[in-house]
Amino acid sequence: MTRTEEEPARPTEPLEPLNPRAVGTSPVRLDGPAKVTGTAPYAWEHALRDPVYVHPLQSAIARGRVLRMETGPAEAAEGVAAVLTPRNAPRLADSSDRALAVLQSDDVAFRGQFIGAVLAASPEAARHAASLVDVEYEVEAHDTRLHSGRPDLYRPETINPADEADTDEGDVDAALAAAHAVVDETYSTPMEHNNPMEPHTCVAVWHGASDDGEPALTVYDSTQWPYGVRMTLAPLFALAPERVRVISPHVGGGFGSKGLPHAHHVLAVLAARTVPGRPAKLALTRQQMFCLTGYRTPTIQRVRLGADSGGRLTALSHEAVEQTATLKEFAEQTAAQSRMMYASPNRGTSHRLAALDVPVPSWMRAPGEAPGAFAAEVAMDELAHALGLDPVELRVRNDPETDPRDGRPWSDRRLVECLRTGARRFGWDARTEAGTRREGDWFVGLGVAASTYPGFGGPGSVAEIERTSDGGHAVRIAAADLGTGTWTVLTQIAADALDCPFDTVHLEIGDTALPTATVAGGSAGVTAWGSTIVAAAREFRAQHGEDPAPGARTRSGMPENPDLRRYSVASFGAQFAEARVHADTGEVRVPRMLGVFSAGRIINPRTARSQFIGGMIMGMSMALFEESVFDHGTGHVVNHDFAQYHIPTSADVLDIEATWLDGPDPHAGPLGSKGIGEIGIVGSPAAVVNAVYNATGIRVRDLPVTPDKLLR
């Protein structure tokens, strides 16, 4: 029987572990030749006939409303097909999500918000015509300043993804008062922006009514979640979900910013509806991305630690203040990692938000964990200094036997082994007292930080297996490849699950015409999709035997893994950094970094190493370079391009090494794998900052570490 997507087979028992053969090897990436030859189709590059190009009109104020838009000169410009405004834009069927209610009212909630769009025969014509539109506003006073003393701070109902905002256990204040050593410091991280190489792009095409009278919509998109785009757009335009097709075979990076649909998706579809029969192509510029596609919220974090004379934590408190938008709430889980990282009988965490006249924050690689670990792991370094204890040893002494949140046993926590292995490989014994090691004009120091990331990856995906006429197997699932290696690693998993050669598997991904897949986010993609493929392969064998006929086909969903309720599943790691600080200029260099990780079975060492070191480099960037400079007078980010928003170049990345502890996690599903995409960034900023302190004796608690903060 051929199963439908709505009624897939779904094993009721947990799957047995996969017997790996292709898994664990490093074949050449399947998407590599197409990418290096320029033939891999990204969203903008699909060949479509007679498109219009969309250039957005954006608000020049941070709060108020549009009173008047003079569009006549733009409409008369050569090549212009239409000018959309709130007065003439098609109405959405659902405007309840204010961030997606594009051109549905004259209200302005942040600078850079869409207030219109020009549709023209070329990108240049659209951009020129947009410059001809004159806009008059009613300006209201705006509020964009985040500080911890605001009287309007509030507690969100939940934090990302769906956790409680506050936790409280024991008596933190009493434990701090009785502690042998105490750290009570405030740390801050700035607004930061995801900057994937491929800008956000959406191409929308409306099709005429079908036999049942309902139109259809095709979207070519740079997205981490094709089905998420479909589920979002369908109700906005009163379409049945199956009437929306999202195509996304290749994505040029995302770092979380392409995980959820944004306003430009809606604008592209509105534009396409305005010019029936013609595709509407919208690619945001680099500058536009700084206000339209999410960002990492700035944070202000107070961390209090208390320890006894033996270096064991007696109190841990982590309080986070961050911003959200008046338009829509996003509450990042900044302090959540502190709930489970170390053992302490008294602990508390809290999150408070300020709703400001700013764009809506969103996911950015390891949202919450990355800025939260910076504060917590620098505080641990400060505590080690106060105790006169080695920072590695302090972490080892406070490694919890079970998950402090609920007492569940760890599925495979090997943090101490990561710390010990990393210290040995990095030459930690050469570390000296802060500010005492100098080589010529450079102060030299070593730093360490621990890291963790949750083990996400549950049900929600469906895979299809079909025997092909050439004796191979087609494997279909609407997963996304952001450049992380999905094309290759899912083929490896399918080959082992089907017990067939790697080169006889034909993978199809990135299209909602395929069975549903969960988001490429939360470091969960490969584990979730891969486990689903394993389930489908085993169901396929059960239905069709060892020698299936061409055309034999099976769909199956991922079975629930009861061990995810019984055990606490997470990845762990230890990261080490060497920092050199110039004595006269305060310039910081990081000549060496090492990460040692415990992340279950590694599916493909080549792509895994790339993910680990990519995260570590991004963490170094967070420590030393990245800061979105917000002009509170005008309400926008002023350094909104690569000329001014600094990220590392090849000259900044010297000797960087990532390694891992071998072995599958026995409770993490049939693959025994856990997330690797984000844990690399989690401990990296703190390791660098702690190395800078060891080099100079100067403690920087506000990122990024720029020379002015070291020149005292």
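Refer to the structure presented above.
Remember, predicted model here, so these are calculated numbers, not experimental data. (Residues numbered from 1 in each chain as written. Predicted model: local features only at pLDDT ≥ 70, side-chain atom pairs only at ≥ 80, totals over all residues. Heavy atoms only, no water.)

Visitor: Any details on the sheet that holds strand S23 (residues 553-557)? Residues and values, ideally.
Guide: The 4 strands are arranged S22-S21-S20-S23 in an open sheet whose pairing can be described as mixed. One side of each edge strand has no neighbouring strand; the edge strands of this open sheet are strand S22 (505-508) and S23. With strand direction ignored, the average angle separating the axes of adjacent strands in the sheet is 20°. Together, strand S20 (462-467), strand S21 (473-476) and S22 form the strand contacts of helix H11 (residues 486-498), whose direction differs from that of S22 by roughly 135°. Contacts from helix H12 (residues 525-544) reach S20, S21 and S23, with the element oriented near 140° to S23. (Pairing = 2+ DSSP bridges. Helix = DSSP H or I, 4+ residues; strand = E, 2+ residues; numbered from the N terminus. Axes fitted to C-alpha atoms, helices over the stretch in contact; angles between N-to-C directions. Contact = heavy atoms within 4.5 Å.)

Visitor: Summarise helix H5 (residues 226-236); cite the residues concerned and give the values.
Guide: Most of H5 is tucked away: 8 of the 11 residues are buried. Along H5, the residues that are buried comprise Pro226, Tyr227, Gly228, Val229, Arg230, Leu233, Ala234 and Leu236. Taken together, the buried residues of H5 touch strand S12 (216-221), strand S13 (244-247) and helix H6 (263-274). Following H5 by one or two positions, Ala238 adopts a phi angle in the positive range, close to 55°. (Buried < 20%, exposed > 50% of the residue type's maximum accessible area, 1.4 Å probe, protein only.)

Visitor: Provide a residue-level description of the layout of surface pockets, including the pertinent values.
Guide: When its volume is computed, the second largest pocket comes out at roughly 850 Å³. Forming the walls of the second largest pocket are 44 residues, and the residues nearest its centre are Asp97, Ala99, Leu100, Lys328 and Val360. Contributions of two or more residues to the lining of the second largest pocket are made by strand S4 (107-108), strand S5 (114-120), strand S7 (158-159) and helix H7 (286-292). Across the lining of the second largest pocket, the residue classes tally to 26 nonpolar, 11 polar and 7 charged. (1 Å grid on protein atoms, 1.4 Å probe; cavity = no way out; pocket = protein on both sides within 12 Å on 5 of 7 lines; lining within 4 Å. Points joined across faces, edges and corners; volume = space filled by probe spheres on them. Nonpolar A, V, L, I, M, F, W, Y, C, P; charged D, E, K, R; others polar.)

Visitor: Describe unusual backbone geometry, listing the residues and the values that go with them.
Guide: With omega at 0°, the peptide bond leading from Asn160 into Pro161 counts as cis. Following the sequence through the fold, Pro161 ends up in the loop between S7 and strand S8 (163-164). Cis geometry marks the peptide bond from Leu703 to Pro704; its omega dihedral reads -5°. Positionally, Pro704 belongs in the segment after helix H16 (684-696). Of note in the backbone geometry, Phe255 takes a positive phi value of approximately 55° without being a glycine.

Visitor: How would you summarise the nonpolar core if you had to cite specific residues and measurements?
Guide: Counting 82 residues, the largest nonpolar core has Leu305, Phe576, Phe612 and Val705 as its most contacted members. Setting aside chain neighbours within four positions, we find Phe612 in contact with Phe597, Ala599, Ile602, Ala658, Trp660, Ile676, Ile679 and Gly680. Counting residues in hydrophobic clusters, the runner-up holds 60 residues, among them Val54, Phe110, Val244 and Val269. (Core = buried A, V, L, I, M, F, W, Y, C linked by side-chain atoms within 4.5 Å.)

Visitor: Tell me about empty space enclosed by the protein, residues and numbers included.
Guide: Applying the stated criterion to the full structure yields 2 cavities of 30 Å³ or more. Contributing to the lining of the largest cavity are Val303, Leu305, Leu316, Gln337, Ser338, Met341, Tyr342, Ala376, Glu377 and Met380. For the lining of the largest cavity, the elements supplying multiple residues, two or more each, are strand S15 (299-307) and helix H8 (369-387). With 3 residues, the top contributor of residues to the lining of the largest cavity is H8.

Visitor: I'd like to hear about the side chain of Arg304, residue by residue, with values.
Guide: Assignment of secondary structure puts Arg304 in strand S15. A relative accessible area of 13% places Arg304 in the buried class. A distance of 3.0 Å separates a polar atom in the side chain of Arg304 from a polar atom in the side chain of Asp173. A polar contact is formed between the side chain of Arg304 and the side chain of Glu319, at a distance of 3.3 Å. Those residues in contact with Arg304 that sit more than four places away from it in its chain are Val172, Asp173, Leu176, Val183, Asp184, Ala315, Leu316, Ser317 and Glu319. (Polar contact = N/O pair within 3.5 Å; in protein donor to acceptor, adjacent residues only side chain to side chain.)

Visitor: Which residues make up the packing of H11 against H12, and what values go with them?
Guide: As a packed pair, H11 and H12 sit with axes 9 Å apart at the nearest point and diverge in direction by 30°. Here H11 is positioned roughly parallel relative to H12, judged by the angle of their axes. For the pair H11 and H12, the sense of crossing is right-handed. Touching Thr486, Val489, Leu490, Ile493, Ala494, Ala497 and Leu498 of H11 are Val526, Trp529, Gly530, Ile533, Val534, Ala537, Phe540 and Arg541, all from H12. Partitioned by chemical class, the residues of the contact of H11 with H12 number 12 nonpolar, 2 polar and 1 charged. (Parallel < 35°, antiparallel > 145°, perpendicular 65-115°, else oblique. Left-handed = near helix turned anticlockwise from the far one by under 90°.)

Visitor: Describe in detail the packing of aromatic side chains, supporting the description with residues and values.
Guide: Within this structure, the stated rule accounts for 10 aromatic pairs. Ring geometry for Trp428 versus Phe576: centroids 5.6 Å apart, planes at 70°, classification edge-to-face. Of this pair, Trp428 sits in the loop between helix H10 (415-426) and strand S18 (438-439) while Phe576 sits in strand S24 (residues 570-582); the two residues are 148 residues apart in sequence, bridging distant segments of the chain. Of the two residues, Trp428 and Phe576, neither departs from the other in class, the shared state being buried. Between the aromatic rings of Phe612 and Trp660, the centroid separation amounts to 5.8 Å while the plane-to-plane angle is 35°, which identifies the pairing as tilted. Note that Phe612 is positioned in helix H14 (residues 605-624) and Trp660 in strand S28 (residues 655-660), a separation of 48 residues in sequence. We classify Phe612 as buried; its relative accessible area is 0%. A network of ring pairs unites the aromatic residues Phe426, Trp428 and Phe576 as a single cluster. The cationic tip of Arg438 hangs over the ring face of Phe443; the distance from NZ or CZ to the ring centre is 5.0 Å. The ring of Tyr693 has Arg699 lying over it, and the distance from NZ or CZ to the ring centre is 3.7 Å. (Phe/Tyr/Trp six-rings, centres within 6.5 Å; stacked < 30°, edge-to-face > 60°. Lys NZ or Arg CZ within 6 Å of the ring centre and 35° of its normal.)

Visitor: So what's going on with the pattern of salt bridges? Which residues, and what values?
Guide: One pass over the structure, following the stated rule, counts 46 salt bridges. Here Glu657 makes a salt bridge to Arg425, at a shortest N to O gap of 2.3 Å. Here the residue Glu657 occupies a position in strand S28, and Arg425 occupies one in helix H10, the gap between them amounting to 232 residues. Judged by relative accessible area, which is 31%, Glu657 ranks as partly exposed. When its relative accessible area of 45% is taken as the criterion, Arg425 is described as partly exposed. (Salt bridge = Lys/Arg side-chain N within 4 Å of Asp/Glu carboxyl O.)

Visitor: Quick rundown of the environment of Met341? Include the residues and the values.
Guide: Mapped onto the fold, Met341 is located in the loop between strand S16 (313-325) and strand S17 (347-356). Sequence separation between Met341 and Ala283 is 58 residues, and the spatial gap between their C-alpha atoms is 41 Å. Beyond its immediate chain neighbours, meaning those up to four positions away, Met341 contacts Glu377, Asn398, Pro400, Arg413, Leu415, Ala450, Ser451 and Thr452.

Visitor: Tell me what's going on with the packing of H14 against H16, and back it up with residues and numbers.
Guide: Their axes nearest at 7 Å, the elements H14 and H16 cross at an angle of 50°. Taken together, the axes of H14 and H16 are oblique relative to one another. Seen from above, H14 lies across H16 with right-handed handedness. Seen from H14, the contacting residues are Met616, Gly619, Met620, Met622, Ala623 and Leu624; seen from H16, they are Ser684, Pro685, Val688 and Val689. Here the residues of the contact of H14 with H16 are counted per class, giving 8 nonpolar, 2 polar and no charged.

Visitor: Explain the sheet that holds strand S2 (residues 64-70) to me, using residue names and the numbers behind them.
Guide: Spatially, S4-S2-S6 is the arrangement adopted by the 3 strands of the open sheet, whose pairing is antiparallel. Both outer strands of the open sheet, S4 and strand S6 (134-139), are each paired with one neighbouring strand and no more. Sheet topology note: the S2/S6 ladder contains 6 bridges and is antiparallel. From the neighbouring strand, Arg65 faces S6, where its bridge partner is Glu138.

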